[in-house]
Amino acid sequence: FFFNTYELGPEMSLQFKHFLLPDFITRIHNVRRMNPRTIITAGYNLQDRPDYRRSIMKLSMAYTWRRNAKKSFAFSPAEINSVYVNKSAAFQAQLDSLRDPQLQYSYDTHLITAMRFSYVFSGQTPANTSFLYFRTNFESAGLLMRALTNPLNLQQNSQGIYEFVGIPYSQYIKPEIDISYHQVFNKNSSLVYRVNAGIGIPYGNSSALPFEKSYFVGGANSMRAWIAYTLGPGSYLNNQGIEQSGDIKLETNIEYRSYLLKFMGSGSIEAAVFTDIGNIWTLNKDDNRPGSQFKAGQFVQDVGVGSGLGFRFNFSFFILRLDM
């Protein structure tokens, strides 16, 4: 059908208007003011590409609540992702020829059992004034499986990695931060400053982050002057044609937005001028990807810079973007 890459990701969620916890938790707080929710989610994601087919089965449970109108929290005590990767013979041969254990690990079948906590502050009000948005997220994976290693008598494979029902499980910690300031000049124009940063640290049973938990830059929602997965890591020049990912991400964006005209009743056309600055890096030295490691005195030289113009076709219920 004209394309060589497909992705399908159905998902179902069930929400309860209270915490599925012991009663003493709900008696401590003003439940109505907190607007608590328990969300149980089940999903499946299929990625079909020329090099491989990746399928991900997901099951998670999360609690969400609010401190007030501006502050919200989310805690997921259990999220399970079973990731199966079926690589083509040509792609497997290419990975073998590169002799890069970290890159090889990124495309292996694995199991992720994670917990996550996030906090969001949004100062946006209906008054159309300048405001600050702040989001932080902390994720940890593998603690439960590590605790069950001895009770379940889990065994190591030939690489010394513990497996559960024949599937290696991942271990890592991953803190992230996303902060933006929206400087509103008037109802027709604003300037947005944004910084997005994160780091993933594999340990124990993992020598690298799973690919779907790694960082990448490029594409319509990142460094728009680069195709997705093609920038970095660091100053490494990717000439292998393989998607590149990293353990560290630092990205900043500056975008000026201005209203142009109305169309189709409630719709509008807006213009944008933007600059994206950022890159990804590896946490440790990778001899197979020279220049990929993050170094405090050098990272400024590694960042990519891309500027452009854009239009936003705002239909109220969705926005169509066109950037150059």
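Up top is the structure.
Values in this document were obtained by computation on a predicted structure and should not be read as measured data.

Reading the values: the criteria
- Residues numbered from 1 in each chain as written.
- Predicted model: local features only at pLDDT ≥ 70, side-chain atom pairs only at ≥ 80, totals over all residues.
- Heavy atoms only, no water.
- Helix = DSSP H or I, 4+ residues; strand = E, 2+ residues; numbered from the N terminus.
- Rg over C-alpha atoms; globule rule 2.2 N^0.38 Å.
- Contact = heavy atoms within 4.5 Å.
- Areas by Shrake-Rupley, 256 points an atom, 1.4 Å probe, with all protein chains shown as cover.
- Lys, Arg positive; Asp, Glu negative; His and termini not counted.
- Charge placed at Lys NZ, Arg CZ, Asp CG, Glu CD.
- Salt bridge = Lys/Arg side-chain N within 4 Å of Asp/Glu carboxyl O.
- Buried < 20%, exposed > 50% of the residue type's maximum accessible area, 1.4 Å probe, protein only.
- Pairing = 2+ DSSP bridges.
- Core = buried A, V, L, I, M, F, W, Y, C linked by side-chain atoms within 4.5 Å.
- Patch = residues over 30% accessible without salt bridge, like charges linked within 9 Å, V, L, I, M, F, W, Y side chains within 5 Å.

## Some remarks on the overall build of the protein
Here is step 1 of the chain: A count of helices and strands for the protein gives six helices and 16 strands.
Here is step 2 of the chain: A compact globule built from 324 residues would reach a C-alpha radius of gyration of about 20 Å, and the protein, at 22 Å, matches this within 12%.
Here is step 3 of the chain: Once the C-alpha set of the protein is aligned to its principal axes, its extents read approximately 65 × 55 × 50 Å.
Here is step 4 of the chain: Nonlocal contacts in the protein, meaning residues at least 24 apart in sequence, comprise 65% of its contacts between residues at least 6 apart.
Here is step 5 of the chain: When the accessible surface of the protein is split by element, carbon and sulfur atoms take 60% of a total near 18400 Å².
Here is step 6 of the chain: The protein carries 31 positive and 24 negative side-chain charges, and their two centres are separated by 11 Å.

## A word on the pattern of salt bridges
Here is step 1 of the chain: Evaluation of the coordinates by the stated rule reveals 16 salt bridges.
Here is step 2 of the chain: Two residues, Asp178 and Arg135, come together in a salt bridge whose shortest N-O distance is 3.8 Å. Of this pair, Asp178 sits in strand β10 (residues 172-186) while Arg135 sits in strand β7 (residues 131-141), and the two are 43 residues apart along the sequence.
Here is step 3 of the chain: The class of Arg135 is partly exposed, set by a relative accessible area of 24%.
Here is step 4 of the chain: Across the pair Asp323 and Arg312 runs a salt bridge whose closest N-O atoms are separated by 2.8 Å. With Asp323 in strand β16 (residues 319-323) and Arg312 in strand β15 (residues 304-314), this pair connects stretches of sequence that are eleven residues apart.

## Some points on unusual backbone geometry
Here is step 1 of the chain: Along the chain, Gly232 connects to Pro233 via a cis peptide bond; the corresponding omega equals 0°.
Here is step 2 of the chain: Positioned with a positive phi, Asn35 is a non-glycine residue whose angle comes to about 50°.
Here is step 3 of the chain: Backbone geometry at Tyr229 places phi at a positive 75°, although glycine is not the residue there.
Here is step 4 of the chain: Mapped onto the elements of the fold, Tyr229 is located in the loop between β12 (201-202) and β13 (248-263).
Here is step 5 of the chain: Under the relative-accessibility criterion, Tyr229 is labelled partly exposed at 22%.

## Focus: the pairing of β16
Here is step 1 of the chain: Bridging between β15 and β16 involves five bridges; their strand directions are antiparallel. Bridging from a neighbouring strand, Gly310 pairs with Asp323 of β16.
Here is step 2 of the chain: Here β15 folds back onto β16, and the loop between the two strands holds four residues, one of which, Ser316, carries a positive phi near 75°.

## Notes on the nonpolar core
Across soluble globular proteins, nonpolar side chains have a tendency to be buried as a group.
Here is step 1 of the chain: With ten residues, the main nonpolar core is built from Tyr52, Ile56, Val83, Val85, Phe91, Leu95, Leu103, Tyr107, Phe211 and Ile242.
Here is step 2 of the chain: Contributions of two or more residues to this core are made by β4 (52-66), β5 (71-87) and α3 (89-98).

## Overview of the side chain of Ser118
Here is step 1 of the chain: The residue Ser118 is located in strand β6 (residues 110-122) in this model.
Here is step 2 of the chain: If sequence neighbours within four positions are ignored, Ser118 has contacts with Ser72, Phe73, Ala74, Thr136 and Asn137.

## Quick look at a nonpolar patch on the surface
Here is step 1 of the chain: A grouping of Phe185, Tyr256, Val273, Leu309 and Met324 is seen on the molecular surface, where their side chains present a nonpolar patch of about 530 Å² in accessible area.
Here is step 2 of the chain: In this structure, Met324 sits in the segment after β16.

## Observations concerning the pairing of strand β14 (residues 267-281)
A regular strand carries its side chains on alternate faces of the sheet.
Here is step 1 of the chain: With 15 bridges joining them, β13 and β14 adopt antiparallel strand pairing. By the bridge assignment, Lys249 is partnered in β14 with Ile280.
Here is step 2 of the chain: Adjacent in sequence and paired antiparallel, β13 and β14 are bridged by three residues, among which Met264 carries a positive phi angle near 50°.
Here is step 3 of the chain: Two strands pair when backbone bridges link them, and β14 and β15 are joined in this way by eleven bridges, in the antiparallel orientation. Bridge assignment links Asp276 to a residue of β15, and that residue is Gly306.

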